[in-house]
Every structure is written in structure tokens, then in C-alpha cells.
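# Chains, contacts and geometry: an overview
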Amino acid sequence: MLMTRPPDTGRIARQTALESAFLNACRLDIEALKPGNVGRHGDGHRMQVADFIASAEAAAGPICRADATVGERIEGAMRATWQAVGCNTNLGIVLGCAPIAHAALHCQPGEDLSASLQRTLSGLTVTDASHAYAAIRLAQPAGLGRRDDHDVAGDARITLLQAMQIAAHRDSIAALYAYRYQWVLRHLLPVHLAARDRWCSEAWAAARVFMFCLALIPDTHIMRKHGPETALSVRNTAIRLLDGFERADDPVMMQDTLREWDERLKTAGINPGTSADLTVVTAFLAGALEIAGA
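Notes on the structure in this doc start here. (Residues numbered from 1 in each chain as written. Predicted model: local features only at pLDDT ≥ 70, side-chain atom pairs only at ≥ 80, totals over all residues. Heavy atoms only, no water.)

This part covers unusual backbone geometry. You will see that R180, though not glycine, has its phi angle at about 60°, which is positive. Tracing the backbone shows R180 in the loop between helix 8 (172-178) and helix 9 (182-199). Overall, R180 belongs to the partly exposed group, its relative accessible area being 25%. Positive phi is not limited to glycine here, since C200 has a value of about 55°. Examined against the element boundaries, C200 turns out to sit in the loop between helix 9 and helix 10 (202-216). You can call C200 exposed: its relative accessible area is 72%. (Helix = DSSP H or I, 4+ residues; strand = E, 2+ residues; numbered from the N terminus. Buried < 20%, exposed > 50% of the residue type's maximum accessible area, 1.4 Å probe, protein only.)

Take empty space enclosed by the protein next. A water-sized probe, rolled over the atoms, reveals where empty space remains. Enumeration according to the criterion identifies one cavity of 30 Å³ or more in this entry. Roughly 60 Å³ of internal volume is contained in the largest cavity. Taken together, F22, C26, D29, I30, F52, S55, A56, A59, N90 and I93 form the lining of the largest cavity. Elements with a contribution of two residues or more to the lining of the largest cavity: helix 1 (9-31) and helix 2 (49-63). (1 Å grid on protein atoms, 1.4 Å probe; cavity = no way out; pocket = protein on both sides within 12 Å on 5 of 7 lines; lining within 4 Å. Points joined across faces, edges and corners; volume = space filled by probe spheres on them.)

Turning our attention to the pattern of salt bridges. Tallied over the full model, the rule gives 11 salt bridges. Taking the shortest distance from any N to any O, the salt bridge between R65 and D67 comes out at 2.9 Å. By relative accessible area, which is 34% here, R65 ends up partly exposed. With a shortest N-O distance of 2.4 Å, E246 and R208 are connected by a salt bridge. Here E246, found in helix 12 (residues 228-247), pairs with R208, found in helix 10; they are 38 residues apart in sequence, far enough to count as distant. The exposure class of E246 is partly exposed, given its relative accessible area of 40%. The class for R208 is buried, based on a relative accessible area of 9%. Several salt bridges share partner residues, and in doing so they unite R27, E31 and E202 into one network. (Salt bridge = Lys/Arg side-chain N within 4 Å of Asp/Glu carboxyl O.)

Looking now at the layout of surface pockets. In this structure, the second largest pocket occupies an estimated 220 Å³ of space. Taken together, 15 residues make up the lining of the second largest pocket; nearest its centre are A168, S172, A175, W183 and I217. Mapped by element, the contributors of at least two residues to the lining of the second largest pocket are helix 8, helix 9 and helix 11 (220-226). No other element matches helix 8, which puts three residues into the lining of the second largest pocket. The residue makeup of the lining of the second largest pocket, split by class, is nine nonpolar, four polar and two charged. (Nonpolar A, V, L, I, M, F, W, Y, C, P; charged D, E, K, R; others polar.)

Below, the discussion takes up the packing of helix 9 against helix 14 (residues 273-293). Direction vectors running N to C along helix 9 and helix 14 enclose 80°, while the axes themselves pass 10 Å from each other. Put simply, helix 9 runs roughly perpendicular to helix 14. Contacts from W183, V184, L185, L188, L189, H192, L193 and R196 of helix 9 reach helix 14 at L278, V281, T282, A283, L285, A286, L289 and E290. Residue classes in the contact of helix 9 with helix 14 are distributed as 12 nonpolar, two polar and two charged. (Axes fitted to C-alpha atoms, helices over the stretch in contact; angles between N-to-C directions. Parallel < 35°, antiparallel > 145°, perpendicular 65-115°, else oblique. Contact = heavy atoms within 4.5 Å.)

Below, the structure written as C-alpha cells:
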């Protein structure tokens, strides 16, 4: 009689829960009022809310696959996204969430998610980089440019972690890898959790994280596409508006001001895309921590 290995029901359950957490984080991406980004408050940049919903649904399975490497998660999710919508709606999200999904699925006994994430990053390979390069070539992100060494247009010769370390000075998603997600773990996640508890709203917590990102450092997507002066101008406005968030008992008080800024940014073609990606990564990490601790 042919013996088959019984399914790992625990791993399958975590995979299903992670897919739900990923979809929830992407849902917050469109429900949160994030000036300059596509959301329920308004389309923009030749993209619509429906594109982001379809992208999330397409990417959730590949990025949370139980048996995939980090690189396979990235390329699989990007290919599924491209097939669904035919444009780059979520490259930064996919790059930022893939290691978290892998770490959550591969926690060892007695190991918390943060430790598993550090082990995941240390174990990244050249093959992971090859898959990520293929995903980036497919997505064709704005302002990517070319490099003399280790260009994504060529073959990968270094690990994905090494590639991200090289790019960290010009891209905040790469810096996530390079600095071992410490910015999210130590700063963005506490901001998200505190705002969620204070306002009893995940959507407003996501908006708070987004504004915090914009105020803390210039958005690297704006930097690449529009230059440092525009990125710094957006940051300075975010710093002023963030103070309103800090003082608001009810964040709805900020709604009109944020909508006005949203309209100005979209009219100028300015999209703080990296800050939005970091917001989704933070929300996904919050969900993954709950799953890992269950």
C-alpha cells in the first residue's frame, strides 16, 4: 500500500491566516486616507481602487505559499499581479511582505517572529535575488535607472540581502532588508498599535503610520521620480500635518485637510508610494505577529 504523508494542518492553517492578514493589510491600503495615493477617497496616477483589490487577491496566495522561498514568493506574487492588472501596483508591498510571510511560516519551536525574520534575512541566497530581479524587471518601477554593478537587468551574482544593502541609500524598501526591519519593528509597528488602540480604527492607524513615514524621511519613490526638492517639500508638509494627528481626539477632524492635500498631490502627479508600501508592510507585520503568537 502506498503511504502518503499527512498534510501539515498547522502550516496550512497559518498559511490561510497569513493570506487573510495580507488581504487585510492591502484593504487598509485603500481604505486609509493617504494623501497622494489611490484609495476609497479617490483614484489617481492612472490607477483605480479595483486595480489594487485585484492585485491583493492575486498576490496573496503566492506570497503566503507554504513551500516557497522568499524569492519565489516575490516573483510568483508579481507575476500573478501582472496577469491580473497588467501594471505595477504592489512591487514594494510584495518585496516588503515576502520575508515576513516566510518567517511566520517557518518559526521554529520557541522562536518568536522577530527572531525567525532575522534568520530568514540571513538565509537569503543568490537564487532569491534572481527571482526578485525577475519580479522587478516585470514591474518596471518608475525611476529605477541603471547601475554599472549588480543591475537588476543582468544576472544576480550576490544574495538578495547584499543587493538590498547596496540599494538601501536610495530605496526605503531595500533599507528594510539592509537594517533587518528594525525601523518597522521599533518605530512603525508601535505607531500603528498605539493609533489603533487610541482611535479604535485600523484604517486611521494606517493613515497615521503613512503620515509618520512621510514626516520622518523623504519618500524615496518621490525622490527617484521628482527629485530631492519635491520629496523634501512633501516631507515638510507632512511634518506640519502630523502635528494635527497628534492632537486630534478624533482623526476625522483631519479629513478635509488631508483630502485637500490629496488633490494637490495628485494634480501634480506626486505619489508617495514608498510610504504607502511601508504602511502595508507594517499592518501585515501586526497581523503576522498575532498569528505567530496564537
